[in-house]
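Here's the letter readout for the chains.
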Amino acid sequence: MRKGVITQWKDNRGFGFIQPSDGGKEIFLHISEIKGASRRPKVGDTILYELTTASDGKLRATTASIDGVPSLPVRKYQKVKKGSLMKKLIGITVAVGCVILATEFRGSRSPTPITSFTKPGCKIKGNISINTGRKFYHIPGSEDYESTVIDPSKGEKWFCQESEALANGWRKAPK
């Protein structure tokens, strides 16, 4: 390893020149040759380097480090195992499917993900009264519309038109 001091450094361009400790002509140094330093070099830094002659005949510093400046720890990248991404995607898909199925068949009056999309755009709620068992439909803006929850597992339905609800034996809600 050779040793020298940086006499010029153009940080915005990532290069500079080293004056060798044993004298002689200045040596070109590119930032890409300083690997793992915890900071960028500056004028006055002592540099340890290998000397190489480039294809154009000019001398260059390679495998360089800044003397007295600690190196960053080397990161070890974990090799991704073949098929592990596919296994994760399949696992996520199965988990999402299980959640949807579980919510679809639970005993709740809240709409489930699947029933929320059963008839997109249809706003008329076909509800069966818990007290009387009668079939009523609610239109947007009616008194109980917002609090009415449709549960298809109990025979309740969404309708796109009032005539559709009437044709299927439903009556307009009294409120």
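Everything that follows concerns the structure shown earlier in this document.
Residues numbered from 1 in each chain as written. Predicted model: local features only at pLDDT ≥ 70, side-chain atom pairs only at ≥ 80, totals over all residues. Heavy atoms only, no water.

Trainee: Even after reading the chapter, I still don't get the overall build of the protein, so can you show me in this structure?
Mentor: Along its length, the protein carries three helices and nine strands. Taken from N to C terminus, the helices and strands of the protein fall in the order β-β-β-β-β-α-α-β-β-β-α-β. Accessible surface, the protein: about 12,400 Å² in total, of which carbon and sulfur atoms supply 57%. (Helix = DSSP H or I, 4+ residues; strand = E, 2+ residues; numbered from the N terminus. Areas by Shrake-Rupley, 256 points an atom, 1.4 Å probe, with all protein chains shown as cover.)

Trainee: How should I be thinking about the side chain of Lys 125 in this particular structure?
Mentor: Position of Lys 125 relative to the elements: it lies in strand 6 (residues 124–128). The charged side chain of Lys 125 is buried without a salt bridge, its nearest counter-charge being Glu 146 at 5.7 Å. The residues touching Lys 125, leaving out its near neighbours within four places in the chain, are Phe 136, Tyr 137, His 138, Tyr 145, Glu 146, Thr 148, Ile 150, Lys 157 and Trp 158. (Buried < 20%, exposed > 50% of the residue type's maximum accessible area, 1.4 Å probe, protein only. Lys, Arg positive; Asp, Glu negative; His and termini not counted. Salt bridge = Lys/Arg side-chain N within 4 Å of Asp/Glu carboxyl O. Contact = heavy atoms within 4.5 Å.)

Trainee: Can you walk me through unusual backbone geometry in this structure?
Mentor: Of all residues except glycine, most have a negative phi; of all peptide bonds, most are trans. The backbone phi angle of Thr 63 is positive, close to 45°, even though this residue is not glycine. You can see Thr 63 is positioned in strand 5 (residues 59–66).

Trainee: Is there a simple way to explain the packing of aromatic side chains in this structure?
Mentor: A ring pair, where both rings are aromatic, is described by two values, the distance of the centres and the angle of the planes. Applying the stated criterion across every chain, the model contains four aromatic pairs. Look at Phe 17 and Phe 28: their rings are 5.8 Å apart centre to centre, the planes differ by 70°, and that puts the pair in the edge-to-face class. Pair noted here: Phe 17 is in strand 2 (residues 15–20) and Phe 28 is in strand 3 (residues 27–30), with a separation of eleven residues, a long-range link. Accessibility expressed as a relative area gives 24% for Phe 17, which makes it partly exposed. (Phe/Tyr/Trp six-rings, centres within 6.5 Å; stacked < 30°, edge-to-face > 60°.)

Trainee: Hey, could you run me through the layout of surface pockets in this one?
Mentor: Over the atoms, a rolling probe the size of a water molecule traces out where space has been left empty. Estimated volume of the largest pocket: approximately 270 Å³. Forming the boundary of the largest pocket are 16 residues, of which Asn 127, Ser 129, Phe 136, His 138 and Asp 144 lie nearest the centre. Mapped by element, the contributors of at least two residues to the lining of the largest pocket are strand 6 and strand 7 (135–138). Looking at side-chain class alone, the lining of the largest pocket contains five nonpolar, seven polar and four charged residues. (1 Å grid on protein atoms, 1.4 Å probe; cavity = no way out; pocket = protein on both sides within 12 Å on 5 of 7 lines; lining within 4 Å. Points joined across faces, edges and corners; volume = space filled by probe spheres on them. Nonpolar A, V, L, I, M, F, W, Y, C, P; charged D, E, K, R; others polar.)

Trainee: Sorry if this is basic, but what is going on with the pairing of strand 7 here?
Mentor: In summary, the side chains of a regular strand alternate between the two faces of the sheet. One ladder, built from four bridges, connects strand 6 with strand 7; its direction is antiparallel. Looking across to strand 7, one finds that Gly 126 is bridged to Tyr 137. Counted along the chain from strand 6 to the antiparallel partner strand 7, the turn is six residues long, and its residue Gly 133 has a positive phi close to 80°. Pairing between strand 7 and strand 9 (residues 171–172): two bridges, direction parallel. Across the sheet, residue Phe 136 finds its bridge partner in strand 9, namely Arg 171. (Pairing = 2+ DSSP bridges.)

Trainee: Hey, could you run me through the state of the cysteines in this one?
Mentor: Defined simply, a disulfide is a covalent bond joining two cysteines at their sulfur atoms. The tally for this structure, following the rule as stated, stands at one disulfide. Disulfide pairing is shown between Cys 122 and Cys 160; the S-S distance is 1.6 Å. Remark: Cys 160 occurs in the loop between strand 8 (157–159) and helix 3 (162–167) and Cys 122 occurs in the loop between helix 2 (113–116) and strand 6; sequence separation between them is 38 residues. (Disulfide = S-S within 2.5 Å.)

Everything listed here is a matter of geometry and, on its own, says nothing about what the molecule does.
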